[in-house]
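Coordinate analysis (summary)
Each chain is listed here by its residues.
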Amino acid sequence: MQTAELVALSVFAGVYAFIISEKLHRTVAAMVGASVILLLNIVPWEKVSEYLDLDTILLLAGMMVVVNIARESGLFEYIAIKTAKFSKGNPMKVLLLFSVVTAVVSAFLDNVTTVLLLTPMLIYITRQMDVSPVPFLLSEVFASNIGGTATLIGDPPNIMIGSAADLSFNDFIINMTPIAFLDLFITVGIIYLAFRNVISTHRERSEAIKMSIMSLNEEDAIKDRALFRKSVIVILSVVVGFFLHDSLGIKPAVIALTGASVLLLWSGASPEYALEKVEWATLFFFGGLFIIVGALVETGFIDQVSAWMMNYIHSETQAILMISWFSAFASAIIDNIPFTATMIPLIKAMGSSINTYPLWWALSLGACLGGNGTAIGASANVVVIGMAYREGVKITFVDFLKVGFVIMLVTVGVGSGIIWLRYVGL
Amino acid sequence: MVSVNRLILRKFKNIAGSRYEEILNSYRDFFLTEEEMVIPRFKSILIAIDRYSSNVPEGVFKLIEHYSPERVLVTYVVDENTCRLIRETLGEEDADKFREKETALAQESLYRVRVALKALDVGWEEEVVFADKTTHVETLMGKYDVLIIGKQYGLESAKTHHISPLVFRIVQHVAKPVVLY
């Protein structure tokens, strides 16, 4: 192993260790690692643009601006109250409706924002219903990760995969949405079976519960009616744009940035404020990661691992199963963003000896749904557990693991089975 | 396991940052407080209707059923000033005709209310009175916990207002909860 390769691998392993332990903020870890790589010229400066995936970074940035401006209108609180009122205080309806709404919103917006905005409402309703919020919160988390799997923009790994493999929004709709749809209802079913004894209210209180929930006024959530309308129009237009981007020959990042610009222009929102709210830490984390993984590609390490893996993979079936399950188990333990960033060049390198098209879906499936396996598997899990903890509801690592791991096994099993049937068949 | 749970909270702080507090604050504006969550107990309800507000919606009866009051009085009020004006200008005979027609209309309106209340299993009474529409309700409300009244109560036939000025006055003078339909 050459020195450059050894350094690149050490930086990669060091950054991973910091990300897992969270001893250092993941952005700081990635930035320090990238700086070392660039300082030592392992990735030459002129090649940085090659490794820095601007499609991913700009798509994320554009969507962040849209979401941040829309948030100011009270749109998401409005959705949460509407969902609560539709449920009419019926615990089963709350479980199902919140799971479906979380999945749908997560399919188009980032999972963390979705759960941050829906969790307070869910905790409030469960308090009104006098039931344990745990099954409802778990279902929300799983739905968020499953919903994120459904589309190109639902979860960062999908954005990265779409950009790297040049897969369109509609490719994801065709390949991943049916899997996500099926997995969502299986998940709600499992949650119901596991917690059916606690998902019920006292019959004599049901009318009072219904009244207190129905007394919530969704109109109160709207802080700025004009901005609310504009946000809805722009978000819907952006979604339509994503559906059409391939036939129009426009990159998804351009659609997101156009949506952000139009909303900024139309709403008159302060660009300083809107851009200040962009999660720069996340974007720099991506930037740093791309350089660190780029160093592994540049030094030839990825090609070596790929060649080694190909010694053991003799068919597409093996590749699909290995990538989906390995991704799922790995993503249950480590952040799926650095994991996907590492797997992308690996799958690309495998392209010379195997059809990689189904492997991208296997990676998407494992990286997104693997997050359901443990409490630290995805950011949405951590956020919901943290919010619940602040509200006095304790969901321990083991509590999560008992349900999450089963959900992960079942959903990845169903998903990889569908991918296998579609691309390999009997 | 303690360290894993600590790791989760550390990650939460890094990921959610200040966004969590911001979102929670915006929700606090419309979440009910602990005090507001307690449903008040009402023992007696007065329903005031007249020829302009006799169509009591179904939702009102659901509300009455929920509170399970001990007594409900449905008072149908005919404006006595109109009656007096007819007597003074057209004579006693026309005034009597007016009273008869108004009483018949009152009975017809009360019948619909009666049918709905019978289904609720609550104790109730009804009356038809010729009185001043505001003072009658305001006086009765000394003995009742909640007033249920239509926005059209006391409105003239031309219906130039969305809410009757009489209702505005009653709402301002009655120091008890009012349900407007």
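The rules behind these values
- Residues numbered from 1 in each chain as written.
- Chains lettered and ligands numbered in written order.
- Predicted model: local features only at pLDDT ≥ 70, side-chain atom pairs only at ≥ 80, totals over all residues.
- Heavy atoms only, no water.
- Contact = heavy atoms within 4.5 Å.
- Buried area = accessible area lost by both parts, 1.4 Å probe.
- Salt bridge = Lys/Arg side-chain N within 4 Å of Asp/Glu carboxyl O.
- Helix = DSSP H or I, 4+ residues; strand = E, 2+ residues; numbered from the N terminus.
- Expected span 1.5 Å × (residues − 1).
- Buried < 20%, exposed > 50% of the residue type's maximum accessible area, 1.4 Å probe, protein only.
- Arc of directions from axis to C-beta.
- Phe/Tyr/Trp six-rings, centres within 6.5 Å; stacked < 30°, edge-to-face > 60°.
- Lys NZ or Arg CZ within 6 Å of the ring centre and 35° of its normal.
- pLDDT = per-residue confidence, 0-100.
- Axes fitted to C-alpha atoms, helices over the stretch in contact; angles between N-to-C directions.
- Parallel < 35°, antiparallel > 145°, perpendicular 65-115°, else oblique.
- Left-handed = near helix turned anticlockwise from the far one by under 90°.
- Nonpolar A, V, L, I, M, F, W, Y, C, P; charged D, E, K, R; others polar.
- 1 Å grid on protein atoms, 1.4 Å probe; cavity = no way out; pocket = protein on both sides within 12 Å on 5 of 7 lines; lining within 4 Å.
- Points joined across faces, edges and corners; volume = space filled by probe spheres on them.
- Pairing = 2+ DSSP bridges.

**Considering the interface of chain B and chain A**
Facing 27 residues of chain B, the contacting portion of chain A comprises 45 residues. Buried area between chain B and chain A, both sides added, is near 3,300 Å², and the carbon and sulfur share of it is 68%. Counting across the interface, chain B meets chain A through four salt bridges. When the shortest N-O distance is used, the salt bridge between B:Arg19 and A:Glu279 registers 3.3 Å.

**Examining helix α15 (residues 252-267) of chain A**
Residue and element names in this part refer to chain A. The terminal C-alpha atoms of α15 lie 22 Å apart, and with 16 residues this matches the ideal 22 Å at 1.5 Å per residue to within 8%. Considered for burial, the residues of α15 that qualify are Pro252, Ala253, Ile255, Ala256, Gly259, Ala260, Leu263 and Leu264. The buried residues of α15 occupy an angular sector of 165° when projected down its axis, which confines them to one face. Those residues of α15 that are buried are in contact with α4 (54-72), α14 (225-248) and α16 (271-276). Trailing α15 by a residue or two, Gly268 shows a phi angle of about 75°, which is positive.

**Side note on the packing of aromatic side chains**
If you walk through the whole model with that rule in mind, you get 18 aromatic pairs over all chains. On the basis of an interplanar angle of 15° and a centroid distance of 5.5 Å, the ring pair of A:Phe169 and A:Phe242 is categorised as stacked. Of the two residues, A:Phe169 sits in helix α10 (residues 169-175) while A:Phe242 sits in helix α14, which places them 73 residues apart along the sequence. Residue class for A:Phe242 comes out buried when judged on its relative accessible area of 0%. Over the ring of B:Tyr144 we find B:Arg71, and its NZ or CZ is 4.6 Å from the ring centre. Over the ring of B:Tyr153 we find B:Lys133, and its NZ or CZ is 5.8 Å from the ring centre.

**A word on the confidence of the model for chain B**
Averaged over every residue, the pLDDT of chain B is 85; the share at 70 or more is 94%. Confidence, read as mean pLDDT per element, is least for helix α3 (residues 34-37) of chain B in chain B (68) and greatest for strand β4 (residues 146-149) of chain B (93).

**A few points about the pattern of salt bridges**
Residue and element names in this part refer to chain A. Scanning the model with the defined rule gives 18 salt bridges over all chains in all. Ionic pairing is found between Glu391 and Arg127, a salt bridge with its closest N-O pair at 3.4 Å. On the criterion of sequence distance, the pair formed by Glu391 in the loop between α22 (379-390) and α23 (397-423) and Arg127 in helix α7 (residues 111-129) is long-range, its members being 264 residues apart. Of the residues examined, Glu391 reaches a relative accessible area of 25% and is grouped as partly exposed. Assessed through its relative accessible area of 47%, Arg127 is described here as partly exposed. As a salt-bridge pair, Arg225 and Glu219 come within 2.5 Å of each other at their nearest N and O atoms. Here the salt bridges share partners, and the residues they tie into one network are Asp55, Asp166 and Lys251.

**With respect to the packing of helix α5 (residues 75-87) of chain A against helix α6 (residues 91-108) of chain A**
Residues and elements named next belong to chain A. Relative to each other, α5 and α6 sit at 150°, their axes nearing to 9 Å. On the basis of their axis angle, the class for α5 and α6 is roughly antiparallel. When the axes of α5 and α6 are compared, the crossing they make is right-handed. Each of Ile79, Ala80, Thr83, Ala84, Phe86 and Ser87 in α5 lies in contact with α6, whose residues at this interface are Lys93, Val94, Leu97, Phe98 and Val101. Residues that form the contact of α5 with α6 fall into these classes: eight nonpolar, two polar and one charged.

**A look at empty space enclosed by the protein**
All names here are of chain A. All chains considered together, the criterion is met by three cavities of 30 Å³ or more. A volume near 50 Å³ is recorded for the largest cavity. Around the largest cavity, the lining residues are Phe76, Ile79, Val105, Leu109, Thr113, Thr114, Leu117 and Leu118. Of all the elements in the fold, those that place two or more residues in the lining of the largest cavity are α5 and α7.

**Section: the sheet that holds strand β3 (residues 124-131) of chain B**
All names here are of chain B. In space, the five strands of this open sheet follow the order β3-β2-β1-β4-β5, with parallel pairing throughout. Of all the strands in the sheet, just β3 and β5 (178-180) have a single pairing partner and so form its edges. Averaged over all neighbouring strand pairs, the angle between strand axes comes to 20°, with direction disregarded. Where helix α7 (residues 133-140) meets the sheet, it contacts β1 (44-49), β2 (71-79), β3 and β4, and its direction lies at approximately 160° from that of β2.

**Focus: the layout of surface pockets**
The space that makes up the largest pocket amounts to roughly 890 Å³. Taken together, 48 residues line the largest pocket, and the ones lying closest to its centre are A:Arg26, A:Glu279, A:Thr282, B:Ile15 and B:Arg19. Broken down by element, the residue count for the lining of the largest pocket peaks at seven residues, all from α4(A). Of the residues that constitute the lining of the largest pocket, the class distribution is 23 nonpolar, 13 polar and twelve charged.

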